[in-house]
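Chain by chain, the residues:
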Amino acid sequence: MAVKLVDKGAAPGHPGSASVNSAAKVEARSLISQLTLDRIFGEAGTINSLKCCRIDRQPPPGGGANIQVQLNGLTGDSTISTCIVHPSVLASLATWPEGLRKHQDSWLARQIRIALMNSLESGHILHISGSFYDDDNPANLTERTRGNYKEPRGVTKFSNK
């Protein structure tokens, strides 16, 4: 299955829309927009924090990532945005060529930010699942060895007749 964003429905641990005031939403959007791929992976803990909320790495599924935006000062249900990245996505990131890996990394970071923003608005948990090895991925996210990039986009062939 190609790498894709999947809405898994209502998020467990959400405090309810009444608890998410406009200041928390503004801060959450700011935290999400600053998120980079290199900050997503590592041990569980806070990535960044502001007055109303913080963005955390939670214990992930083995080899994956679990990123959550949580309200500060709330005990128990405090998660207002969640994105789970499945291990299959990370295991399929290219090791070569370097340009492809950078492109996949940038694309994945963007998808995680999109998932977190969508989760913030919907109260749903979003998963990024699949594999970059799948042939259903766009050509710019897969290795050239699979026949991709044979013809550059926008190039017109002319005959010399």
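See the structure above.
Predicted model only: the values in this text are computed from it and were never measured.

All right, on to helix H1 (residues 22–33) then. Here H1 spans 16 Å end to end across 12 residues, near enough to the 16 Å set by a 1.5 Å rise per residue. All of the buried residues in H1 are Ala24, Glu27, Ala28, Leu31 and Ile32. Buried residues of H1 fall within an arc of 135° about the axis and therefore sit on the same side. Those residues of H1 that are exposed and aimed more than 90 degrees away from the buried face are Ser22 and Val26. Its side-chain oxygen 3.1 Å from the backbone nitrogen of alanine 23, asparagine 21 forms the N-cap of H1.

Turning our attention to the sheet that holds strand S2 (residues 45–49). What the six strands build is an open sheet, ordered S1-S6-S5-S4-S3-S2; its pairing is mixed. A strand with exactly one partner marks an edge of an open sheet, and here the two such strands are strand S1 (4–10) and S2. Taking the axes of each pair of neighbouring strands and ignoring which way they run, one obtains an average angle of 20° across the sheet. Relative to strand S6 (residues 124–129), S1 runs antiparallel, the two sharing five bridges. Bridge pairing links leucine 5 to isoleucine 128 in S6. Docked against the sheet, H1 engages S2, strand S3 (53–57), strand S4 (65–71) and strand S5 (79–85), running at close to 40° with respect to S3. Each of S1, S3, S4, S5 and S6 touches helix H4 (residues 98–122); the most contacted strand, S5, lies at about 145° to it.

A word on H4. Every α-helical turn comprises 3.6 residues, leaving residues that sit three or four positions apart pointing alike. Look at H4: 36 Å from first C-alpha to last across 25 residues, which is about the 36 Å you get at 1.5 Å a residue. Among the residues of H4, Leu100, Gln104, Trp107, Leu108, Ala109, Gln111, Ile112, Ala115, Leu116, Ser119 and Leu120 are the ones counted as buried. Two residues or fewer past H4, glycine 123 is found with a positive phi of approximately 75°.

Before going further, it helps to examine the nonpolar core. Judged by nonpolar contacts, the single largest core of 33 residues is most densely connected at Leu35, Ile55, Val85, Leu108, Ile112, Leu116 and Ile128. Of all the secondary-structure elements, those providing two or more residues to this core are H1, helix H2 (37–40), S3, S4, S5, helix H3 (87–91), H4 and S6. The dominant element in this core, judged by the number of residues it contributes, is H4, at seven residues. For leucine 116, the residues in contact, after removing those within four places along its chain, are Ile32, Leu35, Ile55, Ile67, Ser81, Thr82 and Cys83.

We now examine the packing of aromatic side chains. Overall, the coordinates contain one aromatic pair when judged by the stated rule. Measuring from ring centre to ring centre gives 5.8 Å for tryptophan 107 and phenylalanine 132, while their planes differ by 75°; the resulting arrangement is edge-to-face. Here the residue tryptophan 107 occupies a position in helix H4, and phenylalanine 132 occupies one in the segment after S6, the gap between them amounting to 25 residues. Grouping residues by exposure puts tryptophan 107 and phenylalanine 132 together as buried.

A few words on the side chain of asparagine 66. As for its position among the elements, asparagine 66 is in strand S4. At 3.1 Å, the side chain of asparagine 66 forms a polar contact with the side chain of glutamine 68.

Calculation notes
Residues numbered from 1 in each chain as written. Predicted model: local features only at pLDDT ≥ 70, side-chain atom pairs only at ≥ 80, totals over all residues. Heavy atoms only, no water. Helix = DSSP H or I, 4+ residues; strand = E, 2+ residues; numbered from the N terminus. Expected span 1.5 Å × (residues − 1). Buried < 20%, exposed > 50% of the residue type's maximum accessible area, 1.4 Å probe, protein only. Arc of directions from axis to C-beta. Polar contact = N/O pair within 3.5 Å; in protein donor to acceptor, adjacent residues only side chain to side chain. Pairing = 2+ DSSP bridges. Axes fitted to C-alpha atoms, helices over the stretch in contact; angles between N-to-C directions. Contact = heavy atoms within 4.5 Å. Core = buried A, V, L, I, M, F, W, Y, C linked by side-chain atoms within 4.5 Å. Phe/Tyr/Trp six-rings, centres within 6.5 Å; stacked < 30°, edge-to-face > 60°.

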